[in-house]
Every structure is written in C-alpha cells, then in structure tokens.
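Chain by chain, the residues run as shown.
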Amino acid sequence: MWRPAAAAAVRRSAQIRRLLSSSAPAAGAGAAVPGPCIVHKRGTDILHDPWYNKDTAFPMTERDRLGLRGLLPPRVMSFEQQYERFINSFRSLENNTRGEPDSIVALAKWRILNRLHDRNETLYYRVLIDNIKDFAPIIYTPTVGLVCENYSGLFRRPRGMYFSAKDKGEMMSMIYNWPAEKVDMIVVTDGSRILGLGDLGVQGIGIPIGKLDVYVAAAGINPQKVLPIMLDVGTNNEKLLEDKLYLGLRQPRLEGEEYLSVVDEFMEAVHARWPKAVVQFEDFQMKWAFETLQRYRNRFCMFNDDVQGTAGVALAGLLGAVRAQGRPLEDFNKQKIVVVGAGSAGIGVLNMAKQAMLRMPGIHRSGEGHNQFWVLDKDGLITKDRQDLDPAVARFARGHGPDEIQDLHEGASLVEVVKKVKPHVLLGLSGVGGIFNEEVLKAMKESDSPRPAIFAMSNPTTKGTPDDVFKYVGENAVFASGSPFNNVSLGSGRTGYANQANNMYLFPGIGLGALLSGARHISDGMLQAAAECLASYITDDEIRKGILFPSVSSIRHITARVGAAVVRAAVAEELAEGRCDVGPRELSSMSESETVDYVARKMWYPIYSPLVSDK
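The notes below deal with the structure included here. Every value quoted in this text rests on a predicted model; they were computed, and no experiment measured them.

### Things to note about the overall build of the protein
Right, so step 1: Scanning the protein for helices and strands turns up 26 helices and 16 strands.
Right, so step 2: At 25 Å, the protein has a C-alpha radius of gyration in line with the 25 Å of a compact globule built from 615 residues.
Right, so step 3: Counting only C-alpha atoms, the protein reaches 85 × 60 × 55 Å along its principal axes.
Right, so step 4: The buried share of the protein, taken over its 615 residues, is 61%.
Right, so step 5: Here the contacts in the protein between residues at least 6 apart in sequence split such that 73% fall between residues at least 24 apart.
Right, so step 6: Carbon together with sulfur atoms contributes 50% to the accessible area of the protein, which is approximately 25200 Å² in total.
Right, so step 7: Here the protein holds 72 positive side-chain charges and 71 negative ones, and the gap between their average locations is 6 Å.

### Notes on the packing of helix H14 (residues 286-296) against helix H16 (residues 344-359)
Right, so step 1: Where H14 meets H16, the closest approach of the two axes is 9 Å, and the angle between their N-to-C directions is 45°. In terms of axis orientation, H14 runs oblique to H16. Here Met286, Ala289 and Phe290 of H14 lie close against H16, whose contacting residues are Ser344, Ile347 and Gly348.
Right, so step 2: Class assignment of the residues belonging to the contact of H14 with H16 gives a composition of 4 nonpolar, 2 polar and no charged.

### Some words on the side chain of Arg386
Right, so step 1: Turning to its location among the elements, Arg386 is positioned in the loop between strand E9 (380-381) and helix H17 (391-394).
Right, so step 2: A relative accessible area of 16% means that Arg386 is categorised as buried.
Right, so step 3: A distance of 2.4 Å separates a polar atom in the side chain of Arg386 from a polar atom in the side chain of Glu410.
Right, so step 4: Residues within four places of Arg386 in sequence aside, it is in contact with Asp377, Asp379, Gly380, Leu381 and Glu410.

### Digging into unusual backbone geometry
Right, so step 1: The omega angle of the peptide bond from Thr141 to Pro142 is 10°, so this bond is cis rather than trans.
Right, so step 2: Here Pro142 shows up in the loop between helix H7 (132-139) and helix H8 (143-149).
Right, so step 3: Despite not being glycine, Glu574 shows a phi value in the positive range, around 60°.
Right, so step 4: Along the polypeptide, Glu574 turns up in the loop between helix H24 (555-572) and helix H25 (584-589).
Right, so step 5: For Glu574, a relative accessible area of 64% translates into the label exposed.

### Structural notes on the environment of Lys168
Right, so step 1: Looking at the secondary structure, you find Lys168 in the loop between strand E2 (161-164) and helix H10 (171-174).
Right, so step 2: For Lys168, a relative accessible area of 43% puts it in the partly exposed group.
Right, so step 3: Here the alpha-carbon distance between Lys168 and Phe266, two residues 98 residues apart in the chain, equals 9.0 Å.
Right, so step 4: Apart from the residues within four sequence positions on either side, Lys168 is in contact with Ser261, Val262 and Glu265.
Right, so step 5: A distance of 3.4 Å separates polar atoms of two side chains, one belonging to Lys168 and the other to Glu265.

### Focus on the nonpolar core
Right, so step 1: Core analysis: the biggest nonpolar cluster contains 185 residues, and Phe332 and Phe455 have the highest contact counts within it.
Right, so step 2: In contact with Phe455, other than residues within four places in its own chain, are Gly317, Leu318, Ala321, Val425, Leu426, Leu427, Gly428, Phe436, Ala480 and Leu548.
Right, so step 3: With 30 residues, the next largest nonpolar core counts Val421, Ile435, Ala443 and Val473 among its residues.

### Comments concerning the pattern of salt bridges
Right, so step 1: Per the stated rule, a full pass over the model turns up 38 salt bridges.
Right, so step 2: Its salt-bridge partner being Arg494, residue Glu475 comes within 2.2 Å of it at the nearest N-O pair. Of this pair, Glu475 sits in the loop between helix H20 (466-472) and strand E12 (478-481) while Arg494 sits in strand E14 (residues 494-496), and the two are 19 residues apart along the sequence.
Right, so step 3: Here the salt bridges do not stand alone but share partners, grouping Arg91, Glu94, Lys109 and Asp134 into one network.

Thresholds applied
- Residues numbered from 1 in each chain as written.
- Predicted model: local features only at pLDDT ≥ 70, side-chain atom pairs only at ≥ 80, totals over all residues.
- Heavy atoms only, no water.
- Helix = DSSP H or I, 4+ residues; strand = E, 2+ residues; numbered from the N terminus.
- Rg over C-alpha atoms; globule rule 2.2 N^0.38 Å.
- Buried < 20%, exposed > 50% of the residue type's maximum accessible area, 1.4 Å probe, protein only.
- Contact = heavy atoms within 4.5 Å.
- Areas by Shrake-Rupley, 256 points an atom, 1.4 Å probe, with all protein chains shown as cover.
- Lys, Arg positive; Asp, Glu negative; His and termini not counted.
- Charge placed at Lys NZ, Arg CZ, Asp CG, Glu CD.
- Axes fitted to C-alpha atoms, helices over the stretch in contact; angles between N-to-C directions.
- Parallel < 35°, antiparallel > 145°, perpendicular 65-115°, else oblique.
- Nonpolar A, V, L, I, M, F, W, Y, C, P; charged D, E, K, R; others polar.
- Polar contact = N/O pair within 3.5 Å; in protein donor to acceptor, adjacent residues only side chain to side chain.
- Core = buried A, V, L, I, M, F, W, Y, C linked by side-chain atoms within 4.5 Å.
- Salt bridge = Lys/Arg side-chain N within 4 Å of Asp/Glu carboxyl O.

No statement about biological role is implied by the geometric values presented.
What follows is the structure, given as structure tokens:
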C-alpha cells in the first residue's frame, strides 16, 4: 500500500499529460470549435463583464451580433496575440522594477495580474495555467500575505461575498444575492490567523480569492462556480481598528456562542442553496479551526486546509524523508521528529502522522503508546508537567519513563531538544520568525539520520533559508519550505534542492475529488489517500537527489492523480453519491486509470466561446 511503484507512476503521469494536453484545444486549422454561449446582455455590458469580455479578440461577425461595432479598435487580434501582448507587458514590468524593494515589485506584479483578472477572465486563467510556476507566488503565497496586509488600500472592486456579525438573521436570504445559480467550491475565512501575520480582519479576503485562483488553475474548477467568502466577526487588531481606510467591522471579535452562531447560520445558508458545494475553511485561529472542523465535518462536505491540507503535505514530505535515508517506509515509526509549533497546523500534522504510523504494515493499535514526536511552542518543549495542557496536544506531550531522554525538561529550548534528541526531522509550523538559526542548524548536523530533513513550512517562511541549511547542516540535508526558494549550487555540478512543501499540492485535488465523487463528507481516509498519492508521485531516483515534491509546473497532473485517489477512497468508504450522470455505481466500476481519466476530463480549460445574445 505504501511502497511506490515507480514504473506504474511514470505510465500514469504520461497518461495524465496526454489527457490534459487534449483538454487544451489547439489553435489554427482543425482545432475544435467550442459550442456557443448564450448571453443576456449586449454592447458595453458585455465589455464590462470579465467572463464574456474578449477585448480586441471579438471577430467582426460577433461585434455586429452583440452591438459592439465601433466600441472597440478596428483591429481583431487573436487569442495568441493577446496572450503574447500580456506576457510582454509583464516582462517589461519586471525589467522596469529591477532594483526596487521586493515588496514593491511583488505588489506591482499582483496589480498587473489583478487588472487582467478584472477585465478578461479567460485570458487571465490561461496565462495562469500556462505559467503557474512563475505566477503562483504572486496570486498565492507569499505575495498574498502582502496583499492582505494592504487590502483596504488596494481595494478597487468587490470579489466574493462578505457575511458580517451585523447580518445575523439575514444570511439565508443574503446567499441568494450571489448571481451564479451553481457554486461548486467555496473558500471561507474569518481573517483571524492569516498566514503568519495574525488577525487581519476583513482584509483576509485575499486568502480565499488566491486559493480559488489555484483551484481554477490546478484543479480546473470552472471560475463561474467558485465563491470566496469573508466572515467578518470583528477584529482585535488595534492598528486596523484605528485605520481610516479599514473596510471591516470596527468592533472586537465575537467569541464563544456568539461567534459560533454566526458560522452556524452561514453554513446552513450555504448548504440550503448549494447542498453539493465543497467548503474549505482557511486561516481560522487554532481554537476555531478545531472547533468548526469537529462541528461540521460530519454534517457538510468541508475540510480545514490548515489542519488537514498542511498535514497531508507534511506527511508526504516525512515519508519522502524516510525514503531519502534509504530506509523502507515501514521504518517511519522509528523516526524521531521535532515539531516547532503547536497550533492548528502543527496538531493537524501530528494527528495525521500518528494515523499513518498506525496504518503501517506490522503496526498494531498498541503502537499508540509510542511517541516519536517532541513538540515545542513559544514556551519551549511541551511535557506532561505543563499546566493547563491543551487536550489536543496532550497525547504528544513528553512524559516520564525509560523511553524519555534524560535532562529534557518542560520548556526546554529548541537547541537543547535538537542536541539531545538528534532528530531525523525538524519540522517548523510556527508563525514566529528566526527559529531555525545557525545554532539550531549546526545542532541538526549531529542528527542520527544520514540525511537530516529540515521542513520550514510556515508562510511567510522566516525560519531558515536553503542556503543556511546546506551550509550548516551539510550537503546531505533534505530541505523543504512553504514558500518558493531557488535551488542551491553545492559546487562540482551538485545541487541542493529547495523543495516547496506547499498545500497547493493537495487541497485542489482534495476539493476536486470530493466534488466529483459527490462525497457526503470528507473523511480521514480520503485525506490519507491524497497524502499517500502525493508521496508516491516522486520516483526513487528523484528521492535520492533530495527531491521530495514535484515541480509546481506539473500541478494539473498532480491534481488529477490526487483527485482520483480521493474519489476512489470516497467510493471505498461508501461516501460517494456521484455527480450528474456519473453515479456511485459507475464510479465503483472504474479502474484506477479510468478514474484518473474521468477526473482529468472534468477539468475546465479557458478558451473563447462564440457568444450569442438573446436580446
């Protein structure tokens, strides 16, 4: 179940590439002509609608049909010419901003992409899909953090929906203000814990917008059927409350039952209008991340990306680290893992890793007593001596007994823990910067692993760069981070790989698989299947080089595989109700390759359709 079949994986990847290539219609003679799209508007109303607008690509017959003649310059440009024109503008921006501060350049790039998004969605998503490796850091992490911090000043037009504490009792009717008849994917945040930036209130809407752009680019979700949502329950950020430009509620955050009643009403409203929509919770502070997950996961088709998505990506990396040591995956339960961060992401990783260990061949439930983790928070090492120990962390707290390392006390520092434990893996999931400093990394050089693994997974990443890791830990180190870095030249033609352990490898496939299977809810088994699929994507040759995660440029291929794994898990657990004309019986009769075919063919691809007005 766990051992990767490299040859089969290569064959499946080639098959998916062929399928996804076939979903991208070629230009020129012989290209398939898409069916017409009926529009209920004419003239400037079409030009102002980014879903229908083609800018200068409207052919003359369409201009006459839609009342556009004279409203556009006379030259008709092809899609390819428009595409090239935008890419040239983007490269020109890059040249003109050389030498400027990184934050200025990042926001300038975000603005030019955002303007295209506001004007022409078809061209925007085609550019995004074709250049996902270059543009993902702009529309997603790390630039999205900058966007959220400055969102009130950057705001130009609304995108998504806003449900506030002032809307209590009105949400069931408000949900019908959204113009789309059908919504498949929703990403919602309350802005309480945006990346490692803390409480950003209503400005956190940038996260759902960015995540859903990734859903479109990676999973082929139709952009007309996605909905970013902000739950504004106030903010405790005094700086925002005093900011004259702040666009959210100027009040402290709701707490307790008042808070939950707002989220309850929102979830009921969404389910009433779109009962089959998948809802992804994003960037909720720890107490609400766990509370809402347990409250809704068995009632609605939802998941929490910070808790479950991060855990799946981390698990794939941890399994890759075992393979990089040349050890069988069954030895995962022998790994010593130090985890920095006991928030929602940290606890999610610990829970999923523990479940994976218990699923290993030859491991029985009695293995529950074995604790291979050392968990630290802002107060140091967490032990059973900790007062007011959080129940979510308690099962991973170090205790007393023969298996414990002597002189490791409650609150011990990270350097102390690393020096005495000599862990195989150091995993960072804390929003605090500067943790993986020179002293810590030099201590990791004495790891009991021949290939020590350092995962700096928080965003924005401020825990340690790949240059520091390969310098202080050694050239045999394995590195991964939540945000993108360049690979490191180690000399003599050797490369230190800066793997990106980002949730975008998993959450698009989880959402797509849940949607296409018609899952009643998203189970641990479906999430585990997604993580296992990602872990098996990398070949043994790549693992030996220190490559743990695939290139982001392959994201559609990865998502097709992960989505298929989720569909098959939903069918196996009898959670699948099917979608449209493909019911649970048809899904259960599909082979693995047929499921991959089905998922790949359901991905939306941006292409101009002929427009016909009914006016």
